[in-house]
Amino acid sequence: MRTPEPTVELAVVGAGPAGACLALLCARARPDWRIAIVDPQPSVPDNGPYHPSFDARATALSAGSVQLFEQLGLWQDLTTHSTAISAVHVSDRGYLPGQLLDASATGMATQGYVVPNTWLGRVLLRALNAQPNIQLHQAQATGFQPLAGAGLLSLDNHLAPLTAQLTALADGANSPLRQALGITSDDNPYYQSAIIANVRVAKPHQGVAYERFTDTGPLALLPLGQSPQAREMAMVWTLPTHRAEAIQQAPEPEFLTRLQQHFGHRLGRFEAVSERHCYPLVLRQAREQVRSNLVLVGNAAHFLHPVAGQGFNLALRDCATLSHTISQSGTPGSLALLQHYLRQRAQDQAITTRAGDAMVRLFSSKALPAVTLRHLGLLSLELVPALRSAFGKQMMGLNRAPLEAHNG
């Protein structure tokens, strides 16, 4: 059959942060490209007053990710409601006192930032609507058909299908299109679930994030609010699934008491908790990230445990390299080109996923060898400044500059 002329150079399925950033990077690198974003959610940005909510979830951005948003010209808007992380306190329950990884040890002003998801989404959607070569389609992508040199993307809402030289799937860890295309994944369950909520503590957080490892899983608290007296924090608490579900549903006083027992009193008493959500955790990696005229990005490509908050930052580094690679070519869907992109990203993806996975399994184990090893690791951070600096850079996403390839 004759292949129809491509309607767009790039179609992105999913308008979440990863898909939006990929579209913006490509649109600015190639103003001559026609780019489509397909997502069933409303595509009109909310320009009314922004009111931070105690229930709003948040995302941690590494210093490298901040550089990417600066290049996109979006960081000035994002910083309006972001919180700088001045240091990260890493501890193992039962092993005192833990280690404070200060940003100054790596020569940086901050370890990163925390941005409410609602504000991040608003800024990205506003940027997408302002980009003249990006068109948003409020629809669900229902199918992908390979063609010669392109792909045909079917849409619901009685919309005509899109023909694209390259289609990027950024529609989440349970990507329906990935599954429909028979792209399987390697799943390594942790038999844990994450309780996600915001909490209010008695003492000001002073911009310090906390990564607390316990024998039931890691507990992370990220600072929210720029005021010196800010006392709200974003919490990710991982527990064995059966315990997580029970604790999530516990009355607020009981929930806060259990949280206090796991975290301790560094921030004083836990005073309040927002609406709680509970999600099962798994390390999921797609066995194919690229095919002719098709690429997977974000959680559709690799879904990580939330420890150290590296999933979204890894996705941004992928998007930076992908946009640079394909924007240099007139055939962005070329399999050879996409395989070249994947080779560039292989080492960072492997290091990030393996390090996070190893950290979770090591710090969730009650076995004596594991306990001894992690205590020695924390002691090494205390005694060896160079190691402490290297670990801090890993946490900040600075060991792999996200825009190195993008800058050429």
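For the structure itself, look to the data block above.
First, a word on scope: everything that follows refers to the structure included in this document.

**Regarding unusual backbone geometry**
Within the chain, Asn-157 stands out as a residue other than glycine whose phi angle is a positive 60°. In this fold, Asn-157 is placed in the loop between β10 (150-155) and β11 (162-169). In this structure Asn-157 comes out as partly exposed when scored by relative accessible area, which is 48%. Phi is positive for Tyr-191, which is not a glycine, with a value near 55°. Looking at the secondary structure, you find Tyr-191 in strand β12 (residues 185-201). Here Tyr-191 falls in the exposed class, since its relative accessible area comes to 67%.

**Re the sheet that holds strand β7 (residues 112-116)**
A sheet is described by the order of its strands in space; here three strands give the open sequence β3-β7-β4, paired in antiparallel fashion. Each edge of the open sheet carries a strand with a single partner, namely β3 (58-62) and β4 (83-85). Averaged over all adjacent pairs, the angle separating strand axes in this sheet is 30°, with direction ignored. Here three bridges tie β4 to β7, and the two strands are oriented antiparallel to one another. Pairing of Ala-84 across the sheet is with Tyr-113, part of β7. Across the sheet, helix α4 (residues 117-130) touches β3 and β7, and the angle it forms with β7 is around 85°.

**Remarks on the pairing of β10**
In terms of strand pairing, strand β9 (residues 141-147) meets β10 through six bridges, oriented antiparallel. Residue pairing across strands places Pro-146 opposite Gly-151, the latter belonging to β10. Counting the residues in the hairpin turn of β9 and β10 gives two residues, including Gly-149, whose phi is positive at 80°. Strand direction decides the pairing type here: β10 and β11, joined by three bridges, are antiparallel. The partner of Leu-152 across the bridge, within β11, is Thr-163. Connecting β10 to the antiparallel partner β11 that follows it, the hairpin turn spans six residues, and Asn-157 within it adopts a positive phi of roughly 60°.

**Notes on the nonpolar core**
Formed by 47 residues in total, the largest nonpolar core has its most connected members in Phe-69 and Val-295. Residues Ile-195, Val-208, Met-235 and Trp-237 belong to the second largest nonpolar core, which totals 22 residues.

**As for the pattern of salt bridges**
According to the stated counting rule, one finds eleven salt bridges in the structure shown. Residues Glu-254 and Arg-258 are paired through a salt bridge, measuring 2.9 Å at the closest nitrogen-oxygen approach. Of the two residues, Glu-254 and Arg-258 both sit in helix α7 (residues 252-263), four residues apart, roughly one turn of that helix. Given a relative accessible area of 33%, Glu-254 falls into the partly exposed group. Judged by relative accessible area, which is 32%, Arg-258 ranks as partly exposed. Residues Arg-317 and Asp-348 are paired through a salt bridge, measuring 2.6 Å at the closest nitrogen-oxygen approach. A residue pair is termed long-range when its members are at least 10 positions apart, and Arg-317 in helix α8 (residues 311-327) and Asp-348 in helix α9 (residues 335-363) qualify at 31 residues. Neither residue differs from the other here; Arg-317 and Asp-348 are each classed as buried.

Rules used throughout
- Residues numbered from 1 in each chain as written.
- Predicted model: local features only at pLDDT ≥ 70, side-chain atom pairs only at ≥ 80, totals over all residues.
- Heavy atoms only, no water.
- Helix = DSSP H or I, 4+ residues; strand = E, 2+ residues; numbered from the N terminus.
- Buried < 20%, exposed > 50% of the residue type's maximum accessible area, 1.4 Å probe, protein only.
- Pairing = 2+ DSSP bridges.
- Axes fitted to C-alpha atoms, helices over the stretch in contact; angles between N-to-C directions.
- Contact = heavy atoms within 4.5 Å.
- Core = buried A, V, L, I, M, F, W, Y, C linked by side-chain atoms within 4.5 Å.
- Salt bridge = Lys/Arg side-chain N within 4 Å of Asp/Glu carboxyl O.

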